[in-house]
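# Understanding the architecture of this molecule
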Amino acid sequence: MKTKTKATFASAAIHGGKGKKDQYGSHTSPIYQTSTFVFDDVESGAKAFRHEEGGASHVYSRLGNPTVEELERAICTLETYALDNPEAYTGMAFGSGMAAITTGILSMAKGGHVIAQNDLYGCTSQFLKEEAPGMGISVSFVDTSDLFLVEMELKKHPHSKMIYLESIANPTLKISDIRAIAQLAESHGALLMVDNTFATPYHIQPLELGADIVVHSTTKYLGGHGTVIGGVMIARKELFEEAETHLFRKNLGGIAGPMDAWLTTHGIKTLPVRMKQHNENAMQVARWLEDHPKIDHVFYPGLESHPQHKLASSMMKNGFGGMISFELKGGFDAGVALMNKVKLCTLAVSLGAVDSLIQHPASMTHSIVDEDIKKAAGITDGLVRLSVGIEGVEDIISDLEQAMEIQD
C-alpha cells in the first residue's frame, strides 16, 4: 500500500490551523481573549516592538493574537492546498470582509489604477466608485467575464496596479476565467485580487489558477452559521511585506477579534461536509426554478444554460456552490412580494449559512450601487439572490412554491 504524502482537503480543514499544544493540553484550542500580553522583562518587550529576534511573541491583540493566527493558518492551508510551495504564503485575518478588501486594495494598489469587475458586492462597488478615488486610487469597471474587454481595458490603462474580481460574481453569478486573467495581469505588471467568498476554497483555489491575492468574507461559508463577522486575505509573504499590508491593518485597526476568530476556525472544520450538501440542494432547486412559469431565467453555474457553464466546469472542484440568482418575470414588485411571502427561507442580506437566505438586490444590497453600474452588470429589478441552505431540499422548494403561488 502506497503511503499518502498529503492529507485530504477534508482532513486539512480540520487540522490545518493547529499550532502548539497549550500548557494544559486542551483538545480544542483556547480563546486568547486578551487585549495585551505580559513581557518577561523590559528587553523582550523592547525587542518585540523593534521586531528583533528574541523579542516577545505577542504584544497587543490589535497587532496579533494566537487565536487569530490559528484562523489565518487554517484558511491559508485550504487556499494553498494544491500548491507545491504553500509555506511561501500567509494569511491575515480582519474584523470584516470589507476590512480585508479595502486594506488589500489600499495597500497593494496605492496611488495606482484598479480595473474592477462591474458586478460586485454592493459595498465593494461603492468603495471603489465613491471612496477609492479620494484615496489616490483611480478605478474603471469592466465585464471580466469577457476576456477581450479585460485586455482592452489593460491597454487603455497599461500601468494598472490591480485587477479585482469575484470568483463567482455577486449577485449575477457570472464566472470569470481566473487563469487567463491572471496571465493578462502578469503580462502588464498588475496584481490579480480575487474575492473567493461565493466559491470557497472547496470549489475554487484562485492561487492555483495564478491569482496573487485571495480575500474572503469569513462571515459567509467559512464561518457557516451566521454567528460572526470577519474577513481574511491570503498572499505570498513577500507581497504583504512589500505592500506593508500589516502596517495598514495595524494602523487602521482592522484585525479580527479572538472570539470571532475562534468561532470561524470551528466553522472551517465542517466546511467540506456543509458544502457538499449546499451543492446537492442548490442543483435541485436550480433545476426546479428553471422549469417554473414565473421565472424568466436562472443563473447557476451548474446549469447547462449558464453562459459560463463550461468554464465553471473546468475551474470548479466538487460541484458548483450553494448560490443561485433568478429573474422573476414580474420585475421589482414580484421580487418584493416574494421576499414578503417566504416562510422557511430567511429574508436576510447575508449568505453561506446553514439555513436558506433570500434577498432582493434591487431593493436591498444593491440599492446603493450606481444605476449605470447596475445596468451594465445586469442587476435588474426582478433579480433575486438565494443562498441555498442545508435543510431538506423538498422543504426549500415547497417554500418557494407557496410564496410564488400566493403572489397571484
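Each remark here, short or long, concerns the structure printed above.
About the thresholds
Residues numbered from 1 in each chain as written. Predicted model: local features only at pLDDT ≥ 70, side-chain atom pairs only at ≥ 80, totals over all residues. Heavy atoms only, no water. Pairing = 2+ DSSP bridges. Helix = DSSP H or I, 4+ residues; strand = E, 2+ residues; numbered from the N terminus. Axes fitted to C-alpha atoms, helices over the stretch in contact; angles between N-to-C directions. Contact = heavy atoms within 4.5 Å. Salt bridge = Lys/Arg side-chain N within 4 Å of Asp/Glu carboxyl O. Buried < 20%, exposed > 50% of the residue type's maximum accessible area, 1.4 Å probe, protein only. Core = buried A, V, L, I, M, F, W, Y, C linked by side-chain atoms within 4.5 Å. 1 Å grid on protein atoms, 1.4 Å probe; cavity = no way out; pocket = protein on both sides within 12 Å on 5 of 7 lines; lining within 4 Å. Points joined across faces, edges and corners; volume = space filled by probe spheres on them. Nonpolar A, V, L, I, M, F, W, Y, C, P; charged D, E, K, R; others polar.

Take the sheet that holds strand β2 (residues 113–117) next. Working definition: the strands of a sheet are paired by backbone hydrogen bonds and lie parallel or antiparallel to each other. Within the open sheet, the 7 strands sit side by side as β1-β7-β6-β5-β4-β2-β3. Their pairing is mixed. In this open sheet, the two edge strands, each paired with only one partner strand, are β1 (89–94) and β3 (138–142). Neighbour-to-neighbour, the strand axes of the sheet open up by a mean angle of 20 degrees, direction not taken into account. Relative to strand β5 (residues 191–195), strand β4 (residues 162–166) is paired through 5 bridges, and the arrangement is parallel. Paired with leucine 165 across the strands is valine 194, a residue of β5. The strands touched by helix α5 (residues 122–131) are β2, β3 and β4; relative to β3, the strand with the most contacts, the crossing angle is about 130 degrees. Seen against the sheet, helix α7 (residues 178–187) touches β4 and β5 and runs at an angle of roughly 150 degrees to β5.

The final tally for this structure, using the stated rule, is 7 salt bridges. Residue arginine 50 pairs with glutamate 52 through a salt bridge whose shortest N-O separation is 2.8 Å. Residue arginine 249 is joined to glutamate 72 by a salt bridge in which the shortest nitrogen-to-oxygen separation is 3.0 Å. Here arginine 249, found in helix α10 (residues 245–252), pairs with glutamate 72, found in helix α3 (residues 66–79); they are 177 residues apart in sequence, far enough to count as distant. A relative accessible area of 10% places glutamate 72 in the buried class.

Glancing now at the sheet that holds strand β11 (residues 357–359). Strand order in the open sheet formed by 5 strands is β8-β9-β12-β11-β10, and the pairing between neighbours is mixed. Two strands close off the open sheet at either side, each with one partner strand: β8 (295–299) and β10 (346–347). Relative to strand β12 (residues 383–387), β11 runs antiparallel, the two being bridged by 3 bridges. Paired with glutamine 359 across the strands is arginine 385, a residue of β12. The strands touched by helix α12 (residues 271–290) within the sheet are β8, β9 (323–328) and β12, with β9 carrying the most contacts at an inclination of about 10 degrees. Sitting on the sheet, helix α14 (residues 331–341) touches β9, β10, β11 and β12, and the angle it makes with β9 is about 130 degrees.

On to the pairing of β1. Burial runs high along β1: 5 of the 6 residues are buried. Here β1 runs beside strand β7 (residues 231–236); their pairing, made up of 6 bridges, is antiparallel. Each bridged residue has a counterpart across the sheet, and for methionine 92 the counterpart in β7 is methionine 233.

In terms of nonpolar packing, the biggest core is built from 82 residues, with Leu192, Val285, Leu289, Ile324, Phe326, Leu338 and Leu400 touching the most fellow members. With 8 residues, α12 is the largest single contributor of residues to this core. The contact partners of leucine 289, leaving out residues within four places of it in the chain, are Ile295, Val298, Ile324, Phe326, Leu400 and Met404. Core analysis: the second largest hydrophobic core is formed by 28 residues, Val114, Phe127, Ala132 and Ile137 among them.

Here we take up the pairing of β7. Counting buried residues in β7 gives 5 out of 6 residues, a clear majority hidden from the surface. Pairing of strand β6 (residues 213–217) with β7, which is carried by 5 bridges, proceeds in the antiparallel orientation. Looking at β7, one finds that isoleucine 213 is bridged to alanine 235.

Another point: the layout of surface pockets. Considered as a void within the structure, the largest pocket measures approximately 900 Å³ in volume. Within the residue set of the lining of the largest pocket, elements represented by two or more residues are α2 (42–49), α3, β1, α9 (237–243) and α10. Here the residues of the lining of the largest pocket are counted per class, giving 10 nonpolar, 10 polar and 11 charged. Empty space within the second largest pocket amounts to approximately 550 Å³. Along the wall of the second largest pocket there are 18 residues; nearest its centre are Gly19, Lys20, Lys21, Asp22 and Tyr32. Each residue belonging to the lining of the second largest pocket can be placed in one class, and the counts come to 4 nonpolar, 7 polar and 7 charged.

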